[in-house]
Amino acid sequence: TDPSVKAIIDIGGQDVKGISIDTDGTVKNFAMNDKCAAGTGRFLEVMARVLDCPIQSLAQLARAGEAPVSISNLCTVFAESEVISHLAAGVSQANVAAGAIHSIATRIVGMAGRVGVEPQVVMTGGGALNGALVDALSQSLHQSVQVLGNPQVMGALGAAVFAREFAQKQAAQAIV
């Protein structure tokens, strides 16, 4: 546990979580998305597919956008239709990708505000592999968002550590 970390934003395949934590690592507040797959890894996958862009290249495409368009729908299905409409209207793929990334950041910042995010913020989950999303969150939160190595497995590692500590406590109690 790093006592300087005060908040975690976790973007998984099907959910987004905002967590504020105390210096000892205990959860102070928690919020989870409640609008289907909006702002999740699935949302990123759908956007990449509609933009005919490999998911690994979505950040690069979004960074090339100079005039991000607004993606206002919260639902992934409706956002997909909105993206298709923008593309049909002649908006560049880069500006649509940038708009999609900014829309996710805006949704996450709203959720983060409900839990009281303060510096230092760490981003975990597969969404943290998208550098454009990390940058957009940093800009929207007006603070640096850190990403640790292998962010896509941080939740699993945390669960494993918790399980090990729990098992050790159970074993110690059985001996007494």
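Since this is a predicted model, take the numbers as computed values, not measurements.

Draft legend 1. Geometry of the overall build of the protein chain. Of the regular secondary structure elements, the protein chain holds 6 helices and 5 strands. When the helices and strands of the protein chain are read in sequence order from the N terminus, they spell out β-β-β-α-α-α-α-β-α-β-α. Once the C-alpha set of the protein chain is aligned to its principal axes, its extents read approximately 70 × 30 × 25 Å. Taking all 176 residues of the protein chain together, the buried fraction comes to 44%. Between the averaged position of the 11 positive side-chain charges in the protein chain and that of its 14 negative side-chain charges there is a distance of 4 Å.

Draft legend 2. Representation of the pairing of strand β3 (residues 27-32) within the structure. When strand β2 (residues 16-21) meets β3, the two strands line up antiparallel, connected through 5 bridges. Among the inter-strand pairings, Ile-21 is bridged to a residue of β3, identified as Val-27. The turn joining β2 and β3, which pair antiparallel and follow one another in sequence, is formed by 5 residues; a positive phi near 90 degrees is taken by Gly-25.

Draft legend 3. Representation of the nonpolar core in the model. One finds Ile-11, Leu-51, Met-123, Leu-133 and Leu-137 to be the most contacted residues of the largest nonpolar core, which totals 43 residues. For this core, the secondary-structure elements that each account for two or more residues are β1 (7-11), α1 (41-50), α2 (58-63), α3 (76-88), α4 (93-115), β4 (121-124) and α5 (131-141). Top contributing element to this core by residue count: α4, with 11 residues. Among residues more than four places away in sequence, those in contact with Ile-11 are Val-16, Gly-39, Thr-40, Gly-41, Ile-108, Met-123, Thr-124, Gly-125, Gly-126, Gly-127, Leu-133 and Leu-137.

Draft legend 4. Fine view of the layout of surface pockets. Within this model, the second largest pocket holds a volume of roughly 240 Å³. Around the second largest pocket, the lining comprises 13 residues; the ones closest to its centre are Leu-44, Ile-55, Gly-126, Gly-127 and Leu-129. The leading source of residues in the lining of the second largest pocket is α1, at 3 residues. Of the residues contributing to the lining of the second largest pocket, the split by class is 5 nonpolar, 7 polar and 1 charged.

Rules and cut-offs
Residues numbered from 1 in each chain as written. Predicted model: local features only at pLDDT ≥ 70, side-chain atom pairs only at ≥ 80, totals over all residues. Heavy atoms only, no water. Helix = DSSP H or I, 4+ residues; strand = E, 2+ residues; numbered from the N terminus. Buried < 20%, exposed > 50% of the residue type's maximum accessible area, 1.4 Å probe, protein only. Lys, Arg positive; Asp, Glu negative; His and termini not counted. Charge placed at Lys NZ, Arg CZ, Asp CG, Glu CD. Pairing = 2+ DSSP bridges. Core = buried A, V, L, I, M, F, W, Y, C linked by side-chain atoms within 4.5 Å. Contact = heavy atoms within 4.5 Å. 1 Å grid on protein atoms, 1.4 Å probe; cavity = no way out; pocket = protein on both sides within 12 Å on 5 of 7 lines; lining within 4 Å. Points joined across faces, edges and corners; volume = space filled by probe spheres on them. Nonpolar A, V, L, I, M, F, W, Y, C, P; charged D, E, K, R; others polar.

Read these as spatial facts, not as claims about activity.
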